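Examination of the molecular architecture
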Amino acid sequence: QAVRPLLASLGLARDEPKRALIVGPPAESKTRELLRVIHSVYQPNKVVLGQTGPVESLAREMPAQPSPALYLCTGKACQPTTADPAKISQSLAAH
């Protein structure tokens, strides 16, 4: 019975976390919509980041966008930004 949780924990420790980095003003409705989409896809090792406050260096290094958008990153490699909810859901589910 303990094998299944142990294997799941091993997978989480071995895989790099997927980082969903939202660029844009936190109070904007589009930013909140992107957050809802990101949180609608279950992924146990997903990290959701913004660019304000104390954030990791990857978030500070990413260029700002003219409107709220998402970078989906694994390690230091990031996909091009998108603000399309369908693309975000698909990309998160594929990771």
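Heads up: these notes are all about the structure in this document. Values in this document were obtained by computation on a predicted structure and should not be read as measured data. (Residues numbered from 1 in each chain as written. Predicted model: local features only at pLDDT ≥ 70, side-chain atom pairs only at ≥ 80, totals over all residues. Heavy atoms only, no water.)

**Focus: the overall build of the protein**
Within the protein, the secondary structure is distributed over four helices and four strands. Counting from the amino terminus, the protein carries its helices and strands in the arrangement α-β-α-β-α-β-β-α. Across the protein, the fraction of contacts at a sequence separation of at least 24, relative to all contacts at a separation of at least 6, is 63%. With the model as given, the accessible surface of the protein reaches about 6000 Å², and the carbon-plus-sulfur share is 59%. (Helix = DSSP H or I, 4+ residues; strand = E, 2+ residues; numbered from the N terminus. Contact = heavy atoms within 4.5 Å. Areas by Shrake-Rupley, 256 points an atom, 1.4 Å probe, with all protein chains shown as cover.)

**As for the sheet that holds strand S2 (residues 46–49)**
Ordered by their spatial adjacency, four strands build an open sheet running S2-S1-S3-S4, and the pairing between neighbours is mixed. A single partner strand is all that each edge strand has here, and the edge strands are S2 and strand S4 (77–78). Here strand S1 (residues 18–23) runs beside strand S3 (residues 69–74); their pairing, made up of six bridges, is antiparallel. Across the sheet, isoleucine 22 pairs through a bridge with leucine 70, a residue of S3. (Pairing = 2+ DSSP bridges.)

**Overview of the state of the cysteines**
According to the stated counting rule, one finds one disulfide in the structure shown. Between the sulfur of cysteine 73 and that of cysteine 78 lies a disulfide, 2.0 Å long from S to S. Its S-S torsion of approximately 105° makes the covalent link between cysteine 73 and cysteine 78 right-handed. The exposure class of cysteine 78 is partly exposed, given its relative accessible area of 28%. (Disulfide = S-S within 2.5 Å. Buried < 20%, exposed > 50% of the residue type's maximum accessible area, 1.4 Å probe, protein only.)

**What to know about helix H2 (residues 29–40)**
For H2, which comprises twelve residues, the first-to-last C-alpha distance of 17 Å matches the rise-based estimate of 16 Å (1.5 Å per residue) to within 8%. Taken as a whole, H2 has its buried residues at Thr31, Leu34, Val37 and Ile38. Buried residues in H2, looked at end-on, bunch into an arc of 120°, giving them a common side. Of the exposed residues in H2, the ones pointing more than 90 degrees away from its buried face are Ser29, Arg36, His39 and Ser40. (Expected span 1.5 Å × (residues − 1). Arc of directions from axis to C-beta.)

**So, the pattern of salt bridges**
Going through the model one piece at a time under the given rule, you end up with one salt bridge. Here glutamate 33 ties to lysine 30 by a salt bridge, and the two come within 3.7 Å at their closest N and O atoms. Here glutamate 33 and its partner lysine 30 are both found in helix H2, three residues apart, which amounts to about one turn of the helix. In this structure glutamate 33 comes out as partly exposed when scored by relative accessible area, which is 28%. Taking the relative accessible area as the measure of exposure, lysine 30 reaches 25% and is therefore partly exposed. (Salt bridge = Lys/Arg side-chain N within 4 Å of Asp/Glu carboxyl O.)

Structural measurements only, silent on function.
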